[in-house]
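Listed below, chain by chain, are the residues.
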Amino acid sequence: MISSVRTEHPAQCPYDEVVAERAATLRESGEAVVLAIESSCDETAASVVKNGRQILSNVVSSQIDTHRLYGGVVPEIASRLHGEQIEIVVSEALMQADCALSGIDAIAVTNGPGLVGCLLVGLSYAKGLSFTERLPLYLVQHIEGHIASNYIADPNLKPPFIALVASGGHSHIYAVDDYQTIRLLGATRDDAAGEAFDKAARALGLSYPGGPALEALAEKGNPQAFPFHSAFNDSAQLDLSFSGMKTALLNHIHNAEQRQETISYADLAASFQSALVQTLTKKCLLACQQSGYSTLTLAGGVAANKALRQSLQSSAEAAGLRFVCPPPSLCGDNAAMIGAAGYYALLQSEPATLSSNAQPGRRLASQ
Ligand code: KG4
Ligand code: ZN
């Protein structure tokens, strides 16, 4: 059990007053150690982050082995597992940071978008801690969290910049005008990049989650073997489409089956990955050109893909742009990114109230 070491227990003071006073002090000083919690999908995560940039601990408990049995995330199972793990993960994060609750200044938690039952576990836990410890509570939008992983990756990174968020649910290109002012420039019209990887991987007989498995198979194949061209992605607008590529991949497999021909799954994987990477790269460079911003960042689970990282890095350099992306450990869902985003929420906004709810469809404030 987590225990506080305060001498005068804060629960004896009125919540609203203490929290408002503490929040004002933090905003003024700009110094804050944030305990962050993330439980929006299939990772239970907690982290202690100092001043939005320095990770003191980062603990992630993944449920992937359980969901793999079903070929995808089962929401009911996911929320039950979060319930089992949350206390353990938070305690571990505090221990690894060598920090008691008395050393925490504020709590940041993801409250959307995500699976409602999963979000409620993290949010309820965070609200409980906020109440008992009288700690200001900040609600972080999950995508804003992914973008903020770049503040940890590069301590000198400051807005404005372009951010590509490529995850299981998102392929979105944003203009980050300021820490909390984020404009959507373009998004997928159908499948997200991670979803496209997962669906293509399933067609190739690979297990969930498909992205890393498809990447491993692609390393053995020829990226030029099959053309996966999408006319939609040729235009100068910043929206994307991946479902045509996925259908083309399925057609190649079915046609080969009908003709009883063998087809190289490694070549299919390599060509599919290459087309997806080229499309994302082209649209990101276009976004930089159109916005005039000279820094490009990447985030989200798909940001772990080496081909995508290399393509964006080399294309950005060739175009005279700076490229920043988080290490693979901060690409998938984690709480350090929520701590980074929570720090900027703390500097610029009031804490949330204890009546705040999960918002499964929460969009970015400026979207
Ligand atoms: O950000 P994330 O952990 O969870 C969401 O918020 O969706 O992203 C998960 C997605 C999955 O679709 C997974 O297949 C994909 O990221 N992914 C990858 C790689 N690692 C994870 N996709 C391509 N290559 C990878 N190495
Ligand atoms: Zn995510």
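Since we're looking at a predicted model, the values are computed, not measured.

## Description of the sheet that holds strand E1 (residues 33–38)
Here comes step 1: If you walk across this open sheet you meet the five strands as E3-E2-E1-E4-E5, and the pairing is mixed. Of all the strands in the sheet, just strand E3 (54–62) and strand E5 (137–141) have a single pairing partner and so form its edges. Looking at each pair of strands side by side, their axes are set apart by 20 degrees on average, direction ignored.
Here comes step 2: Bridge count between E1 and strand E4 (residues 106–112): four bridges; the pairing is parallel. If you follow Val34 over to E4, its bridge partner there is Ala106.

## Some points on the pattern of salt bridges
Here comes step 1: What the rule picks out here adds up to 12 salt bridges.
Here comes step 2: The shortest N-O distance in the salt bridge between Glu195 and Lys199 comes to 3.1 Å. In this pair, Glu195 and Lys199 are both assigned in helix H6 (residues 193–203), four residues apart and thus about one turn of the helix distant.
Here comes step 3: Residues Glu215 and Lys306 are paired through a salt bridge, measuring 3.6 Å at the closest nitrogen-oxygen approach. Note that Glu215 is positioned in helix H7 (residues 210–218) and Lys306 in helix H10 (residues 306–318), a separation of 91 residues in sequence.
Here comes step 4: You can call Glu215 buried: its relative accessible area is 10%.
Here comes step 5: Sharing partners across several salt bridges, the network here consists of Asp191, Glu195, Lys199 and Lys246.

Each value, and the rule that gives it
- Residues numbered from 1 in each chain as written.
- Chains lettered and ligands numbered in written order.
- Predicted model: local features only at pLDDT ≥ 70, side-chain atom pairs only at ≥ 80, totals over all residues.
- Heavy atoms only, no water.
- Pairing = 2+ DSSP bridges.
- Helix = DSSP H or I, 4+ residues; strand = E, 2+ residues; numbered from the N terminus.
- Axes fitted to C-alpha atoms, helices over the stretch in contact; angles between N-to-C directions.
- Salt bridge = Lys/Arg side-chain N within 4 Å of Asp/Glu carboxyl O.
- Buried < 20%, exposed > 50% of the residue type's maximum accessible area, 1.4 Å probe, protein only.

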